[in-house]
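# Chains, contacts and geometry: an overview
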Amino acid sequence: MKTSLNNLNPVLASVKHFISHIKYASSSIAKNSEWLILFNYVGLNLDRDTDEIWERLTEDEKKEFENLLAGQNLESLIDVWEPWWNKRDESLVKEIGSVSAADVLNGCPTAMTDIPGIESLLGNSVPSACLPLNILSTLYAFAYIARLYNGDHLSLPLEAAEGVLDVSTVLSGNGGYCTVSDALCACLDISNQKSSVSRPKEFSLGVLADLRSILLGPSRDFPLVYILASLSELHRLFATARKSLGEGKRQNKEEVSSRKKKYFQVKKKLIFYHSWVLSYGLQVRALVPAIELVHDKARLDYENMEKDKKSIEKVMPKLKPRNVDKKLIEEI
């Protein structure tokens, strides 16, 4: 069965930023097999032409690329992205426009503006009591995909947007949760089971720590900045993805129309979340202790599982198979 690069898009997203340098690299650099594989991508649209890219590789290059990916050697060539939400300064007490604040918020996406007030969006309705948990699930999905694409999620908007929908049932449907544990355990299960976004368990545990950082914000004085920035970045992602739909040569019109409608609905939901956070966002931030409990339990379960796995692997060589008579069939 033909291997497709569609599953390698997170890696492709990460290498795109230095492919432009390969275009003008000397032939001596291009002779390096690892760089030669990437050099073959030049001139193609990395967002759409993954199958064509794969076909341009020789059999040896395909095997070497798969070996690099399997051994994570390709990822070793890439600088690991440091998320902007990890910047925190407890002493930050100045206004956002100050030098100290600007330093901490460097790289943080700008929040959406001209957002209608939550009262106008709600009308006579009452927001669901599960709303903070739905926002929590949404933020986890954002952090997961941002990490998965090494911070380059906007370069592959369609794939990244679908990844977010895979991880968050809140955005992909009308799912809802009653407790922090339910919301996050659902995210952990889905992200580990979906082949399109699946990563080792350590990755998911790291995203839980990311979620905590997003909720804490850059400082006590600006606790909602990272939450609003994350929702805004998600809105930006789906807007970009929606705009990118239909650019392919052989796309089904009905599918394009369906996805555009879906992305539009997600954008509206994100605007509603953003508006609610502006007024009641501290309710989401108050979930940090519960997140820490879920993280600690998940980490402990993982560590115990790894210990059991090592114990079994240690015992396995000592187990001898039952004696079986080699002469199973006696010739007559």
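In every chain, residue numbers begin from 1 and rise along the written sequence. Reporting of local features is limited, given that this is a predicted model, to residues whose pLDDT is at least 70; pairs of side-chain atoms are given and counted only at 80 or more, and all residues count toward the totals for whole chains, interfaces and linings. Processing note: side-chain calculations cover all non-hydrogen atoms of the structure and skip hydrogens and water entirely.

The numbering of helices and of strands both runs from the N terminus, where a helix is a DSSP run of H or I of at least 4 residues and a strand a run of E of at least 2. When its secondary structure is counted, the chain shows 17 helices and 0 strands. Partly exposed describes any residue whose relative accessible area lies between the buried limit of under 20% and the exposed limit of over 50%, with all areas from a 1.4 Å probe on protein chains only and scaled to the type maximum. Evaluated residue by residue, the chain yields a buried proportion of 41% over its 332 residues. Residue exposure ignores everything except the shown protein chains as possible cover, and the areas themselves are Shrake-Rupley values with a 1.4 Å probe. Carbon and sulfur atoms form 52% of the exposed surface of the chain, whose accessible area is close to 18900 Å².

Its location among the elements puts Ser 244 in helix H14 (residues 225-244). Residue class for Ser 244 comes out buried when judged on its relative accessible area of 14%. Separated by 2.8 Å, the side chain of Ser 244 and the backbone oxygen of Thr 240 make a polar contact. Discounting residues that sit within four places of it in the chain, Ser 244 has contacts with Pro 157 and Leu 158. As used in this structure description, the phrase polar contact means that two N or O atoms lie within 3.5 Å; if the pair is within protein, one of them must be able to donate a hydrogen and the other to accept it, and residues adjacent in sequence are counted only when both atoms belong to side chains. Only heavy atoms enter the contact rule, under which two residues are in contact if any of them lie within 4.5 Å.

Time to look at the side chain of Ser 137. Secondary-structure assignment places Ser 137 in helix H9 (residues 131-148). With near-sequence residues (within four places) excluded, Ser 137 lies in contact with Ser 168, Val 170, Tyr 177 and Cys 187.

Two aromatic rings, drawn from Phe, Tyr or Trp (for Trp, its six-membered ring), form a pair once their centres lie within 6.5 Å of each other, and the interplanar angle then sorts them: stacked below 30 degrees, edge-to-face above 60, tilted otherwise. In this structure the tally under the stated criterion is 10 aromatic pairs. Aromatic pair Phe 238 and Tyr 263: ring centres 5.5 Å apart, planes at 70 degrees, arrangement edge-to-face. Highlighted residues: Phe 238 in helix H14 and Tyr 263 in helix H15 (residues 253-280), separated in sequence by 25 residues. Of the residues examined, Phe 238 reaches a relative accessible area of 0% and is grouped as buried. On the basis of an interplanar angle of 45 degrees and a centroid distance of 5.7 Å, the ring pair of Trp 276 and Tyr 280 is categorised as tilted. On the criterion of helical spacing, the pair formed by Trp 276 and Tyr 280 is a turn pair, its members being 4 residues apart in helix H15. According to the relative accessible area criterion, Trp 276 is buried, its value standing at 4%. Look at Tyr 280 and you get partly exposed, because its relative accessible area is 35%.

Before going further, it helps to examine the pattern of salt bridges. Opposite charge on two side chains lets them pair, provided their charged atoms get close. For salt bridges, the criterion is a side-chain nitrogen of Lys or Arg within 4 Å of an Asp or Glu carboxyl oxygen. Here the structure, examined in full by the defined rule, presents 8 salt bridges. Salt-bridge contacts for Asp 210 lead to Arg 147; the nearest nitrogen and oxygen are separated by 2.8 Å. Residue Asp 210 is found in helix H13 (residues 201-216), and its partner Arg 147 is found in helix H9; the two are separated by 63 residues along the sequence. A residue is classified by how much of its surface remains accessible, and Asp 210, at 3% relative accessible area, is buried. Among the residues examined, Arg 147 registers a relative accessible area of 26% and is labelled partly exposed. For Glu 303, the salt bridge goes to Arg 299, with nearest N and O atoms at 3.4 Å. With Glu 303 and Arg 299 both in helix H17 (residues 288-315) and 4 residues apart, this pair spans about one turn of that helix. Looking at Arg 299, the relative accessible area reads 33%, which means it is partly exposed. Linked by salt bridges that have partners in common, Glu 162, Glu 255 and Arg 259 make up one network.

With that settled, the discussion passes to the nonpolar core. In these notes, a set of buried Ala, Val, Leu, Ile, Met, Phe, Trp, Tyr and Cys residues joined through side-chain atoms within 4.5 Å is what counts as a nonpolar core. The biggest cluster of nonpolar side chains holds 70 residues, and the ones touching the most others in it are Tyr 140, Tyr 144, Ile 145, Ile 214, Leu 215, Ile 227 and Phe 238. No other element matches H9, which puts 13 residues into this core.

Looking at the chain, pLDDT values average 77 and 70% of them are 70 or higher. Helix H2 (residues 27-30) is the least confidently modelled element of the chain, averaging 35 in pLDDT, while H14 averages 95, the highest of any element. Every residue carries a pLDDT, the predictor's confidence in it, which falls somewhere between 0 and 100.

Bringing the packing of H9 against helix H10 (residues 157-167) into the picture now. Helix packing for two helices is described by the angle between their axes and how far apart those axes are. An axis is simply a line fitted to the C-alpha atoms; with a helix, the fit covers only the stretch in contact. Between two such axes, the angle follows the N-to-C directions and lies from 0 to 180 degrees. Orientation of H9 relative to H10, taken along the N-to-C sense of each, is 135 degrees, at an axis distance of 9 Å. In this view, H9 runs oblique relative to H10, as classed from their interaxial angle. Two packed elements cross with a definite hand, and for H9 against H10 that hand is right-handed. Residues Tyr 140, Ala 141, Tyr 144 and Ile 145 of H9 touch H10, and the partners they reach there are Ala 160, Gly 163, Val 164 and Val 167. By the convention adopted, Pro, Cys, Tyr, Trp, Phe, Met, Ile, Leu, Val and Ala count as nonpolar, Lys, Arg, Asp and Glu as charged, and the other residues, Gly among them, as polar. Residues of the contact of H9 with H10, tallied by class, amount to 7 nonpolar, 1 polar and no charged. Small angles under 35 degrees read as roughly parallel and large ones over 145 as roughly antiparallel, with 65 to 115 read as roughly perpendicular and the rest as oblique. Helix crossings get a hand from a simple test, with the near helix turned counterclockwise from the far one by less than a right angle marking a left-handed crossing and a clockwise turn marking a right-handed one.

Time to look at unusual backbone geometry. Of note, Asp 114 is a non-glycine position whose phi angle comes to about 55 degrees, a positive value. Along the chain, Asp 114 turns up in the loop between helix H7 (99-104) and helix H8 (118-122). The backbone phi angle of Asn 150 is positive, close to 55 degrees, even though this residue is not glycine. Examined against the element boundaries, Asn 150 turns out to sit in the loop between H9 and H10. In this structure Asn 150 comes out as buried when scored by relative accessible area, which is 17%.

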